[in-house]
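Descriptive analysis of the structure
Listed below are the residues making up each chain.
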Amino acid sequence: MAESKRNGNAIVIGGSIAGLMAARVLADHFVRVTLIERDILTHGPEQRKGVPQGQQGHGLLAGGQRAMEGLFPGLTADLVAEGATTLDVIADATWHQPGSYRLRFASGLEGISLSRPLLEAGIRRRVRALANVAVLDGCEVTGLVASGDRARVTGVTVRRRDGEAAEEALAAALVVDAGGRGSRAPSWLEALGYARPEEEKIAVGVGYTSRLYRRRPGDLPGARAAICQPTPPHETRIGVLLPLEGDRWIATLAGWLGDHAPADDAGFLAFARSLAAPDIYDVIKQAEPLGDYATHKFPANLRRRYERLGRVPEGYAVVGDALCSFNPTYGQGMSSAALAVMALADCLREARGDLRGLPGRFYKRAATVIDTPWQMAAGGDFAYPGVTGKRAPGTDVINGYMGRVFGAATADRHVCRTLVEVANLLAPPSALFAPRVLLGVLRSTLRRPQATQLARTLPAPSTAD
Ligand SMILES: Cc1cc2nc3c(=O)[nH]c(=O)nc-3n(C[C@H](O)[C@H](O)[C@H](O)COP(=O)(O)OP(=O)(O)OC[C@H]3O[C@@H](n4cnc5c(N)ncnc54)[C@H](O)[C@@H]3O)c2cc1C
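Quick notes on the rules
- Residues numbered from 1 in each chain as written.
- Predicted model: local features only at pLDDT ≥ 70, side-chain atom pairs only at ≥ 80, totals over all residues.
- Heavy atoms only, no water.
- Domains from an automatic or database assignment.
- Contact = heavy atoms within 4.5 Å.
- Buried area = accessible area lost by both parts, 1.4 Å probe.
- Salt bridge = Lys/Arg side-chain N within 4 Å of Asp/Glu carboxyl O.
- Near = heavy atom within 4 Å.
- Polar contact = N/O pair within 3.5 Å; in protein donor to acceptor, adjacent residues only side chain to side chain.
- Areas by Shrake-Rupley, 256 points an atom, 1.4 Å probe, with all protein chains shown as cover.
- Helix = DSSP H or I, 4+ residues; strand = E, 2+ residues; numbered from the N terminus.
- Nonpolar A, V, L, I, M, F, W, Y, C, P; charged D, E, K, R; others polar.
- Pairing = 2+ DSSP bridges.
- Axes fitted to C-alpha atoms, helices over the stretch in contact; angles between N-to-C directions.

**A closer look at the domain arrangement of the protein chain**
Often the size quoted for an interface is simply the accessible area lost on bringing the parts together. Partitioning the protein chain into structural domains gives domain 1 (7–73 + 118–199 + 301–377), domain 2 (84–112 + 201–299) and domain 3 (395–457). A separation of 30 Å is found between the C-alpha centroids of domain 1 and domain 2. The interface of domain 1 with domain 2 comprises 23 residues on the first partner and 24 residues on the second. Where domain 1 abuts domain 2, roughly 1900 Å² becomes buried across the two surfaces, and 61% of that area is made up of carbon and sulfur atoms. When the buried surface of domain 1 facing domain 2 is broken down by residue, Gln56, Asn301 and Thr329 rank first, second and third, together holding 31% of it. Along the contact surface separating domain 1 from domain 2 lie zero salt bridges.

Dropping the structure here:
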């Protein structure tokens, strides 16, 4: 429900997924919202320099899709009209997970598959249509402006990228920084006399290689997408085949710890063939390629702990990848950003126009939202002994249990559904420890030697945690 617009101006730094969603939320609470983006933004779905990852396959989790639909009612239908594919996330994907194929059955858990630029363009169009939002593109935010005592951020300095105008200052009661993983927020805060946030890094050495192909009916019999996850620690390769608008596939092959798919025909196909399941290779070996390969390196999960800072300035909040950038193989970035933006919306609603203390309250709430996807990504990554970083207590025990859950999800519908709901940020991880799931896992472990065997390949539970 929109609040009365008690505050004057708000500014959003960055016009990608997190920034656009933040602008939508701020539009309910401010007279005017200015979204500032370094790139020139077109009206259609285009790749752009500020979002190089847009060339890679982007899965949208059902939890993120629901949050986006909540912010922009009718968005899903618009995107489908533009060529996005709807799918039942359990029935319509062949999903080879550690050990074997996950069960497939009609679940009613609907998702969509589309290119990252189409999703961004769809959201951008909705934001541009908001009467009190102005988009200032081709402009770079160069720094923060603060009150004399530096207790409050009062705006930003901006420079046009064409260099035609001098740097100027724009005032705002709230600045939301959605500048992405490379956000300069830590140095800007330092320049104002604040501590930099502690950074948690989990080095995964992930590399992506993607290519587009023409999609023909019958390419993937009985399914609309294919995912092949590795069984750690011995397998390090993952593959995803997603339908995109314009009758295209995107095949994305990635690997942990430097095991990256080559960007040439022979190497790419050989990598696809080496995956634990043949579905992706069987499609791309005979499909018509459209364009060249695109690669992207992702060195580490990176979480900036703003919520642990004793002192933060009023009037400034950091969201999206700038707050937490996850190993993309779990497909959580956009959805986690959506859930954190919803937390910002809750904080703004509760503030009822009084913005004092809002950043601190937001960081604490966002941290609890981010904890779940962070634990899933970090936990999964630590199944590889070569991954370095700070392990949360109990990581190995949980990974051992997750191996058994994966095993049970190949035979038990309830376990499978719960696993998918948790992975899609629709249910908390604690759902995997509910009695019915525990029972299914126990039954499966007793009945299926494969599941037990899989669990044994995962690191042994450690009492050292
Ligand atoms: C290889 C790869 C694959 C991924 N796959 C998935 C996936 O399958 N599913 C998923 O949900 N997520 C995925 N992600 C994550 C996803 O791309 C991000 O979470 C998502 O883009 C949200 O990020 P953001 O809006 O916070 O920042 P970004 O998308 O990085 O955008 C930051 C924006 O800010 C602008 N900007 C930066 N600084 C300034 C400045 N000073 N002034 C003006 N503008 C500025 C940039 O130009 C850019 O437009 C993937 C990421 C990578 C790297």
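**A short note on the site of the ligand**
Every one of the 34 residues lining the ligand counts as a neighbour, but Ser16, Glu37, Gly59, Arg116 and Asp321 are closest to it. Taking Arg48, its side chain carries an N or O atom lying 2.8 Å from an oxygen atom of the ligand. A distance of 3.4 Å separates an oxygen atom of the ligand from a polar backbone atom of Gly333. Protein burial of the ligand: of its 1000 Å² of free accessible surface, 95% is covered by the chains. Those elements that place two or more of their residues in the shell around the ligand are α1 (17–26), β2 (30–37), β8 (139–146) and α8 (333–351). Classifying every residue of the shell around the ligand gives eleven nonpolar, 16 polar and seven charged.

**Brief notes about the sheet that holds strand β14 (residues 237–244)**
With respect to topology, eight strands assemble into an open sheet ordered β5-β4-β13-β14-β15-β12-β16-β18, the strand pairing being mixed. Looking along the sheet, the strands with just one partner apiece sit at the ends: β5 (100–101) and β18 (324–325). Both strand β16 (residues 289–305) and β18 contribute to a ladder of two bridges, which runs antiparallel. Bridge assignment links Leu302 to a residue of β18, and that residue is Ser325. Strand contacts of helix α9 (residues 358–381): β12 (198–214), β16 and β18, with the helix running at about 115° to β16, the strand carrying the most contacts.

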